Amino acid sequence: MRAIRVTIAHARGSVPRGVGTAMLVWPDRTRGTIGGGALEWMAMEEARAMLADGRDRAERLVPLGPALGQCCGGAVTLDFALAEDLPVSGRPLWIWGAGHVGRALVSVLAPLEDLSITWVDVAPDRFPEIPPNVTRLVAADMPRAVAHAPDAAEHIIVTYSHEIDLALCHALLGRATGPVGLIGSETKWARFRARLGALGHAPATVSRIACPIGRKALGKHPQAIAVGVAAELLSPARDRERAAG
């Protein structure tokens, strides 16, 4: 299915998003956001009109106040271009587990256009409806699926089983990865550190895993955990950690 990529090519004055911000528009869905409410709706209408009449390129200068009644006061030039219907590239993030916390994580993180999410669990009926920009991976033996993740991928482990959690930690520590987060209490993590040590992982290697995930002050509700994880993923410190790693 064809899609139109809408990109902010130029910006002047106060505008919702900066130059280079983009979104994809299909006839029945979108991916990403260029912000601005009315601006985005106008862009979606124009992109879908292009898909309907076969145009593959357009450019539009939009003064936000006069054209759309927005109070920003600036102006943007939007570039509309035909795009291949391929997964949007971004930071690869693998979420292991489709239970309550996994679902909360996907609901919070899926709209972030700079993430490319792969969601893994053991059976199809473990998943709810999948957002169009998330890749579902059914793996009866989840630890074996670790071999299919990109080296740069970040991982969040939130399965229904402590044994699967441990096996995933063991598999991930055995290869190069980005940061790894594990759901659990301080007690669970103390036990996992000991068991991972017994499996031959040095303390410095085990320390690549962050546990617990989220932010304690926000509480233990799945959505609160997801908000805390999202804040960590978006923090400048996390970007520096990835660059150094």
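Conventions adopted
- Residues numbered from 1 in each chain as written.
- Predicted model: local features only at pLDDT ≥ 70, side-chain atom pairs only at ≥ 80, totals over all residues.
- Heavy atoms only, no water.
- Core = buried A, V, L, I, M, F, W, Y, C linked by side-chain atoms within 4.5 Å.
- Buried < 20%, exposed > 50% of the residue type's maximum accessible area, 1.4 Å probe, protein only.
- Helix = DSSP H or I, 4+ residues; strand = E, 2+ residues; numbered from the N terminus.
- Contact = heavy atoms within 4.5 Å.
- Phe/Tyr/Trp six-rings, centres within 6.5 Å; stacked < 30°, edge-to-face > 60°.
- Lys NZ or Arg CZ within 6 Å of the ring centre and 35° of its normal.
- Pairing = 2+ DSSP bridges.
- Axes fitted to C-alpha atoms, helices over the stretch in contact; angles between N-to-C directions.

Colleague: Break down the nonpolar core for me, citing the residues and quoting the values.
Modeller: If you look at the biggest cluster of nonpolar residues, it comprises 24 residues, and the most contacted ones within it are W96, I157, L182, W189, L196 and I209. The dominant element in this core, judged by the number of residues it contributes, is helix 5 (residues 162-173), at 6 residues. Not counting chain neighbours up to four residues away, the residues in contact with W96 comprise V120, M142, A145, V146, H155, I156, I157, V158, T159 and L168. One finds L93, A104, L109 and F127 within the second-largest nonpolar core, a separate group that totals 22 residues.

Colleague: Lay out the packing of aromatic side chains with the relevant residues and their values.
Modeller: Tallied over the full model, the rule gives 2 aromatic pairs. Residues W94 and W96 carry aromatic rings whose centres are separated by 5.6 Å and whose planes lie at 35° to one another, so their mutual orientation is tilted. Comparing W94 with W96 shows no difference in burial state: the two are buried. The positively charged end of R29 is found above the aromatic ring belonging to W26, 4.1 Å away from the centroid.

Colleague: I'd like a rundown of the sheet that holds strand 8 (residues 134-138), residues and numbers included.
Modeller: Pairing within the open sheet is parallel, and its 6 strands lie in the order 8-7-6-9-10-11. In this open sheet, the two edge strands, each paired with only one partner strand, are strand 8 and strand 11 (209-210). Bridge count for strand 7 (residues 115-121) against strand 8 is 5 bridges, and the pairing is parallel. By the bridge assignment for strand 8, I117 is matched with V134. Packed onto the sheet, helix 5 meets strand 6 (91-96), strand 9 (154-157), strand 10 (180-182) and strand 11 and runs at close to 165° relative to strand 9.

Colleague: For the sheet that holds strand 1 (residues 3-12), give the residues involved together with the corresponding values.
Modeller: Taken in spatial order, the 5 strands line up as 3-2-1-5-4 in an open sheet, and their pairing is antiparallel. Strands with a single pairing partner mark the edges of an open sheet, and in this sheet they are strand 3 (30-32) and strand 4 (57-63). Strand-to-strand twist of the sheet, defined as the mean angle between neighbouring strand axes without regard to direction, takes the value 20°. Summarising the sheet, strand 2 (residues 22-25) and strand 3 pair through 3 bridges and their orientation is antiparallel. Across the sheet, V25 pairs through a bridge with T30, a residue of strand 3. Packing of helix 1 (residues 38-53) onto the sheet brings it into contact with strand 1, strand 2, strand 3, strand 4 and strand 5 (75-83), and relative to strand 5 it is tilted by some 30°.

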